[in-house]
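Below, each chain spelled out in residue letters.
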Amino acid sequence: MLSSGKKVKSLDPDFPGAYWVLSAAHIANKRYAEAVKEAEILLGSETTIFNLYVLGLSYAMNGEETKARNILLQMQKLSPDHIGVSAYFGDIHNLLGDTEKAIELVSVASEVGQ
């Protein structure tokens, strides 16, 4: 996955998907600081719920709790009624050690999605 992301980035450095793939690959390889760098570039291409989510996960995995929590606030402000926000929030809260809040948010997301 890492080599694919690097190849796409070299072919088209303006393609946001390359940065998502690279961030995910770095997370999978436990290279969280590198994931943050790629996710920050991704967010710079467009501020979307998903791009914020990728950056929030990267921050949480890298132990940057304050930055991850700030991303949660930005996500909520950008789109408070987005169905995926509760699930995304749940993922990030879980990584931050807020297990009860994570379960609550994922439960809300699953109820809304039914």
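Look up a bit, the structure's there.
Bear in mind that the values here come from a model prediction, so they are computed numbers and not experimental data.

Let us look at the packing of helix H2 (residues 16-28) against helix H4 (residues 49-61). At a closest axis distance of 11 Å, the pairing of H2 and H4 adopts a crossing angle of 25 degrees. Taken as axis vectors, H2 and H4 run roughly parallel relative to one another. Where H2 crosses over H4, the two elements pack in a sense that is left-handed. Facing Trp-20, Ser-23 and Ile-27 of H2, the residues of H4 in contact are Phe-50, Val-54, Ser-58 and Met-61. Class assignment of the residues belonging to the contact of H2 with H4 gives a composition of five nonpolar, two polar and no charged.

Think of an α-helix as 3.6 residues a turn; residues three or four steps apart then line up on the same face. The end-to-end C-alpha separation of H4 is 18 Å, in line with the 18 Å expected for 13 residues at 1.5 Å each. The buried fraction of H4 amounts to eleven of the 13 residues, a majority that puts the element mostly inside the structure. Every buried residue belonging to H4 is among Ile-49, Asn-51, Leu-52, Tyr-53, Val-54, Leu-55, Gly-56, Leu-57, Ser-58, Tyr-59 and Ala-60, and all of these are buried. One or two residues past the end of H4 sits Gly-63, with phi positive at roughly 80 degrees.

For H2, spanning 13 residues, the distance from its first C-alpha to its last is 19 Å, which sits close to the expected 18 Å at 1.5 Å a residue. Just beyond H2, the residue with positive phi is Lys-30, at close to 60 degrees.

The next subject is the packing of aromatic side chains. Here the structure, examined in full by the defined rule, presents four aromatic pairs. Measuring from ring centre to ring centre gives 6.2 Å for Phe-50 and Tyr-53, while their planes differ by 45 degrees; the resulting arrangement is tilted. Here Tyr-53 and Phe-50 lie together in helix H4, a separation of three residues that amounts to about one turn. Note on Tyr-53 and Tyr-88: the rings are 4.0 Å apart at their centroids and 20 degrees apart in plane angle, and the pair reads as stacked. Residue Tyr-53 is located in helix H4, and its partner Tyr-88 is located in helix H6 (residues 83-95); the two are separated by 35 residues in the primary sequence. Each member of the pair, Tyr-53 together with Tyr-88, is buried. The structure contains a cluster of three or more aromatic residues connected by ring pairs, namely Trp-20, Phe-50, Tyr-53 and Tyr-88.

Moving on to the environment of Ser-10. Take Ser-10: it is sitting in helix H1 (residues 2-11). Remark: the alpha-carbon pair of Ser-10 and Ile-41, spanning 31 residues in sequence, is separated by 14 Å. Polar side-chain contacts of Ser-10 include one of 2.7 Å to the backbone oxygen of Lys-7.

Here is what the cut-offs are and how they apply
- Residues numbered from 1 in each chain as written.
- Predicted model: local features only at pLDDT ≥ 70, side-chain atom pairs only at ≥ 80, totals over all residues.
- Heavy atoms only, no water.
- Axes fitted to C-alpha atoms, helices over the stretch in contact; angles between N-to-C directions.
- Helix = DSSP H or I, 4+ residues; strand = E, 2+ residues; numbered from the N terminus.
- Parallel < 35°, antiparallel > 145°, perpendicular 65-115°, else oblique.
- Left-handed = near helix turned anticlockwise from the far one by under 90°.
- Contact = heavy atoms within 4.5 Å.
- Nonpolar A, V, L, I, M, F, W, Y, C, P; charged D, E, K, R; others polar.
- Expected span 1.5 Å × (residues − 1).
- Buried < 20%, exposed > 50% of the residue type's maximum accessible area, 1.4 Å probe, protein only.
- Phe/Tyr/Trp six-rings, centres within 6.5 Å; stacked < 30°, edge-to-face > 60°.
- Polar contact = N/O pair within 3.5 Å; in protein donor to acceptor, adjacent residues only side chain to side chain.

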